[in-house]
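Here is how the chains run, residue by residue.
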Amino acid sequence: MEPGGSRRLSAAELLAARGRKAPQRPRGQKDFIPDGSAEQAEKLRLCREEQWQLLSEERVERLGSLVKAEWKPGQGIVELQSPAGKFWHTMGFTERGKQCLLPEEALYLLECGSVQLFYRDLPLSIQEAYEILLCQETMSLPHYQVFSHLKQLGYVVLRFDPSTVPSPYERQLNLESHCQSSGKHHRKRRRSSSPRSHEKKHKVSEDLPETEGTSEKAGDDSGDTSCLPMDEEPLSEQPKESKAGSGEGESNPVPFDTGQKDSLRPSRSWAGDHKENSTGTHASRWDFTTIILPNVAADQPCTHLPSPDNGLLPENVPGREVDAACWCARINQKQEKLSRKEREQRERESRYKSSVNADWEVRHCSSWQEYKALLKLRSQQRVWKRPPHLWDQVVTPLLRPDEATSSAALLQQISVLQPSHILDGASGLQEDPEGMKIDFNVYQADAVAKFKKTNPGKPYVRMCVRSFDEQIPSLRALKQVTYQSGDVPVVFALVDHGEIAFYSLKEFKLPVDVNH
Amino acid sequence: MGDPERGRVLVWGAGAARALRERYRVSGVLVGAPPRRGRGRRLPLQLLPEEARLLAESGAALLLHPPERGEGPEAALAEVGQSCGPTPTCSSTAPPPALLVQLPTAREGPPPPAPHPPPDLSRPTPHWPHGGRPGHERRYRVYRDLWGRGLHLTAGGKFGGDFLVYPGPPERFHAAAVALCPPPGAALALGALVAAARLGTHVRKTLLLCAAPAGGAPAYTSLQWRGDL
């Protein structure tokens, strides 16, 4: 058996490697049956030659383009000794002023030929790096294989951190987009087995002007705390963002800053509320005991409308008083002219449809309650004879005709299985420490240009790495994981000794409203 | 030579990987990432536990454990570092950035010594948890039998089976069948059987149900979709 160590490349070979180009792979059609022909043998030989030429190539890089990095076993991270390259845009984090990489990121960059890893002042080969860096519980070989596969496809892959998932309430308020714009969202450090305590996440659902006092760990680059102090702002401005964030949905401040006249009644109550504004609850500013809105409905028609106050009208518009009595008499007098199509439709419908208002019993009802009582009375009076050949047998129909109001109701009555959603009952499940964990957040490849490490946004998908040796997850575990992920879909990456397959659960609804 | 680490076997040498494929009909999967301007996959080659066990038991390969993190590797690494670091520069200034550096794939230097006597792979150890597991033992017997008939086998997880059976090298031939090794004795649920058969049909491969009891002769049943009946 040949020795397994790498060949040491001579100086000549190193120089030759510089001019290497990626060889073209002849992708011919595969055959089905070996027929012993020379043609097949030749194709096989070519394929193998080319593959081995590729595999036996060692990685050669210019020293200047390699970033030096050192493995720190105590903290389980890799610290960069020289400035990072282009990869810093999507990978790595800063700690105590130094640029650091997670083990999987460092190993991937080593394989790409972007960094040179050192441990105890000696450069590591890729084999040694695999052995040394991938021995944590959270980052074992299958995890790394999934990470590497996704990175090669171009995705941005970060470790999952449960505390950064917004809760359903926060999502409802659309708090996430607000948080990120105000810059007060301090992210947890992306580290797996760090012994240090994690930072607290600050929820902006509390009132804004209070969080500057807490001391945060330095080093997070977005250090600007541009908050919106609510009490200091002049009232004439509209504090839009604080409104959205605090979730107090009562009467919004109406813009009174356009220099309205003082004859406005509401301005008095506004001044009265001025002091209460800072407490957050607002009383209604319109005093309806003094404002009179005329009632032009049919029960007590107010047909005499006085002239409006000149102060309320714009300059060029004159006001006058109106007697609307003659107009009221003329409402609905004009004969309706229907087009031919409408007439035909009406004729068709009149065969089976009748207007509710044509029923004199309905016209006698003066309120909804009376109408509903009438309907109930009618339904009770209806005598429906059950056909004996259907209903007197051992096997009876599932529905009576009056129960089948629509196709959806029909299907509901005869269904054997009830539809259920993966998240039904998921919020009440207890957290299971031995359960499945989400491993990675995956971000789209085409968003790389806009990607910001400090504010990655909502991931495209969350990845859960499993292997075929493990049991198929129970429904309970699936629900927990889906709930934990929030509104981001979860994909399961199954690793089968080097081969990866991706599975996810898709929701679908059977159609219930069938229109003929 | 391979390094089992919690039951995962990786082959790091290019020559070794080539010999495995050409001489021993063991394919494995390439799992390494390519260098920046490359495409496809590189070393290491990952083997199925069944493949590794077959090679070890037939004497074709040695299973080695990665050295423990302790005094051992330091000494080994230090020795290695002295003899073959990057091109040494005598001056105290930093090496020029145009210097070409090799990032070696496999560990340099002598391989760690093989354990004596060779471990019994039918017993589980921390490094080899597969030994003794009924699923693994079943699959191993089937693998050994099919391999002995001259077929090429790879992992079959993608098609819902245990192995994919090829008439020739997987680089040039399509898989002929998906092999499944159900547990003996227990009745195979019809739903599972239909599901497995459907998967095989969908990709136009035969489903092969395999049983290789320890003491007896192996038995195979093949299922194929007949659209004409």
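Chain B has the name tRNA-intron lyase in an unreviewed UniProt entry, where Grus japonensis is given as its organism. On record in UniProt, under Catalytic activity (unreviewed entry), the comment for chain B is "pretRNA = a 3'-half-tRNA molecule with a 5'-OH end + a 5'-half-tRNA molecule with a 2',3'-cyclic phosphate end + an intron with a 2',3'-cyclic phosphate and a 5'-hydroxyl terminus."

As recorded by an unreviewed UniProt entry, chain A carries the name tRNA-splicing endonuclease subunit Sen54 and is attributed to Grus japonensis. Its UniProt record, at the heading Sequence similarities (unreviewed entry), says of chain A: "Belongs to the SEN54 family."

Details of the overall build of chain B
For chain B, the helix and strand inventory stands at 5 helices and 10 strands. Long-range contacts, defined as pairs at least 24 residues apart, comprise 53% of the intrachain contacts of chain B with a sequence gap of at least 6. As displayed, chain B offers around 11,500 Å² of accessible surface, 59% of which is attributable to carbon and sulfur atoms.

Focus: the environment of T138 of chain A
When you line up the elements, T138 of chain A lands in the loop between helix 4 (126-133) and helix 5 (141-153). Along the primary structure T138 of chain A and R159 of chain A are separated by 21 residues, whereas in three dimensions their C-alpha atoms are 9.8 Å apart.

Considering unusual backbone geometry
With an omega dihedral of 15°, the bond running from L43 of chain B to P44 of chain B counts as a cis peptide bond. Here P44 of chain B shows up in strand 4 (residues 42-47). Notably, R120 of chain A is not glycine yet its phi reads approximately 55°, a positive angle. Here R120 of chain A shows up in the loop between strand 6 (115-119) and strand 7 (122-123). For R120 of chain A, a relative accessible area of 42% gives the class partly exposed.

Some words on the packing of helix 3 (residues 103-112) of chain A against helix 4 of chain A
Residue and element names in this part refer to chain A. Direction vectors running N to C along helix 3 and helix 4 enclose 170°, while the axes themselves pass 11 Å from each other. As judged from the angle between their axes, helix 3 and helix 4 are roughly antiparallel. Of helix 4, the residues touching helix 3 (which contributes P103, A106, L107, L110 and E111) are I126, A129, Y130 and L133. Of the residues in the contact of helix 3 with helix 4, the class split is 8 nonpolar, no polar and 1 charged.

Observations regarding the nonpolar core
Burial of nonpolar side chains together is a common tendency in soluble globular proteins. The biggest cluster of nonpolar side chains holds 51 residues, and the ones touching the most others in it are F87, L117, Y130 and M463 of chain A. Here this core takes 6 residues from helix 3 of chain A, the largest share from any one element. When neighbours within four sequence positions are excluded, M463 of chain A is seen to be in contact with V146, L150, I438, D439, F440, V442, V491, A493 and F502 of chain A. In this structure, A17, V26, L48 and L121 of chain B belong to the second largest nonpolar core, which totals 36 residues.

Description of the interface of chain A and chain B
Residue-level contacts link 71 residues of chain A with 73 residues of chain B. For the pair chain A and chain B, the summed buried surface comes to about 7,100 Å²; carbon and sulfur atoms form 55% of the total. Of all residues in chain A, the largest losses of buried area upon contact with chain B belong to W52, R59 and H497 of chain A, amounting jointly to 11% of the total for that side. Viewed at the interface, chain B and chain A are joined by 5 salt bridges. E131 of chain A is the partner of R107 of chain B in a salt bridge, and the nearest nitrogen-oxygen pair spans 2.2 Å. Here chain A is connected to chain B by 22 residue pairs in polar contact (both at pLDDT 80 or more). Going through the elements one at a time, helix 1 (11-18), helix 2 (38-55), strand 1 (59-62), helix 3, strand 6, helix 4, helix 5 and strand 14 (499-504) of chain A are the ones with two or more residues in the side of chain A that touches chain B. Residue contributions to the side of chain A that touches chain B peak at 10 residues, all from helix 2 of chain A. Grouping the constituent residues of the side of chain A that touches chain B by class yields 30 nonpolar, 21 polar and 20 charged. Summarising the sheet, strand 1 of chain A and strand 5 (residues 100-103) of chain B pair through 4 bridges and their orientation is antiparallel. Looking at strand 5 of chain B, one finds that V60 of chain A is bridged to Q102 of chain B.

Focus: the pattern of salt bridges
All names here are of chain A. For the coordinates displayed, the defined rule picks out 24 salt bridges over all chains. Measuring nitrogen to oxygen at the nearest pair gives 3.4 Å for the salt bridge that ties K98 to E79. Here the residue K98 occupies a position in strand 5 (residues 98-101), and E79 occupies one in strand 3 (residues 77-80), the gap between them amounting to 19 residues. With relative accessibility at 39%, the residue K98 sits in the partly exposed group. Residue class for E79 comes out buried when judged on its relative accessible area of 8%.

Regarding the packing of aromatic side chains
Each aromatic ring pair is described using two quantities: the centre-to-centre distance and the angle formed by the ring planes. Following the criterion strictly, the structure yields 9 aromatic pairs over all chains and no others. Taking 5.0 Å as the distance between ring centres and 80° as the angle between the ring planes, the aromatic pair formed by Y130 of chain A and W12 of chain B counts as edge-to-face. Of the two residues, Y130 of chain A is situated in helix 4 and W12 of chain B in the loop between strand 2 (8-11) and helix 1 (14-22); the pairing between them involves two chains. What makes W12 of chain B buried here is its relative accessible area of 4%. With 5.8 Å between their ring centres and 70° between their planes, W368 of chain A and Y371 of chain A make a pair best called edge-to-face.

Let's talk about the packing of helix 3 of chain A against helix 5 of chain A
All names here are of chain A. Their axes nearest at 10 Å, the elements helix 3 and helix 5 cross at an angle of 55°. Relative to helix 5, the element helix 3 lies oblique. Taken as a pair, helix 3 and helix 5 cross one another with a handedness that is right-handed. On helix 5, the residues touching E104, E105, L107, Y108 and E111 of helix 3 are Y144, F147, S148, K151 and Q152. Looking at side-chain class alone, the contact of helix 3 with helix 5 contains 4 nonpolar, 2 polar and 4 charged residues.

Examining the sheet that holds strand 10 (residues 219-223) of chain B
Residues and elements named next belong to chain B. Taking strand neighbours across the sheet as the criterion, the 5 strands line up as 6-7-8-9-10 in an open arrangement whose pairing is mixed. The sheet is open, and its two borders are formed by strand 6 (152-155) and strand 10, each paired with just one other strand. Taken pair by pair, the neighbouring strands of this sheet meet at an average axis angle of 30°, ignoring direction. Pairing geometry for strand 8 (residues 177-180) and strand 9 (residues 206-211), over 4 bridges, is parallel. Each residue of the ladder has a partner; that of A177, found in strand 9, is T206. The sheet contacts of helix 5 (residues 190-202) involve strand 8, strand 9 and strand 10, and relative to strand 9 the element is tilted by about 130°.

So, the sheet that holds strand 12 (residues 461-467) of chain A
Residues and elements named next belong to chain A. Taking strand neighbours across the sheet as the criterion, the 5 strands line up as 8-11-12-13-14 in an open arrangement whose pairing is mixed. The open sheet is flanked by strand 8 (156-159) and strand 14, the only strands paired with a single partner. Neighbouring strand axes in the sheet, compared pairwise and without regard to direction, differ in orientation by 30° on average.

Description of the state of the cysteines
All names here are of chain B. For the structure shown, the criterion picks out 0 disulfides over all chains. Residue C210 stays outside any disulfide, its sulfur separated by 4.7 Å from that of C181, the closest cysteine. Judged by its relative accessible area of 3%, C210 falls in the buried class.

With respect to the confidence of the model for chain B
All names here are of chain B. Considering every residue of chain B, the mean pLDDT works out to 79; 84% of them sit at 70 or more. Least confident of the elements in chain B is helix 3 (residues 71-83), whose mean pLDDT is 37; most confident is strand 7 (residues 163-166), at 93. Segment residues 70-91: pLDDT under 50, and 15 contacts once partners within four positions in sequence are set aside and those in other chains are kept. In the model output, the complex is listed with pTM 0.68 alongside ipTM 0.86.

Thoughts on the side chain of E104 of chain A
Mapped onto the secondary structure, E104 of chain A falls in helix 3. With near-sequence residues (within four places) excluded, E104 of chain A lies in contact with M139, Y144, F147, R159 and F440 of chain A.

Calculation criteria
- Residues numbered from 1 in each chain as written.
- Chains lettered and ligands numbered in written order.
- Predicted model: local features only at pLDDT ≥ 70, side-chain atom pairs only at ≥ 80, totals over all residues.
- Heavy atoms only, no water.
- UniProt positions renumbered as here; feature names shortened; annotations may be inferred.
- Helix = DSSP H or I, 4+ residues; strand = E, 2+ residues; numbered from the N terminus.
- Contact = heavy atoms within 4.5 Å.
- Areas by Shrake-Rupley, 256 points an atom, 1.4 Å probe, with all protein chains shown as cover.
- Buried < 20%, exposed > 50% of the residue type's maximum accessible area, 1.4 Å probe, protein only.
- Axes fitted to C-alpha atoms, helices over the stretch in contact; angles between N-to-C directions.
- Parallel < 35°, antiparallel > 145°, perpendicular 65-115°, else oblique.
- Nonpolar A, V, L, I, M, F, W, Y, C, P; charged D, E, K, R; others polar.
- Core = buried A, V, L, I, M, F, W, Y, C linked by side-chain atoms within 4.5 Å.
- Buried area = accessible area lost by both parts, 1.4 Å probe.
- Salt bridge = Lys/Arg side-chain N within 4 Å of Asp/Glu carboxyl O.
- Polar contact = N/O pair within 3.5 Å; in protein donor to acceptor, adjacent residues only side chain to side chain.
- Pairing = 2+ DSSP bridges.
- Phe/Tyr/Trp six-rings, centres within 6.5 Å; stacked < 30°, edge-to-face > 60°.
- Left-handed = near helix turned anticlockwise from the far one by under 90°.
- Disulfide = S-S within 2.5 Å.
- pLDDT = per-residue confidence, 0-100.

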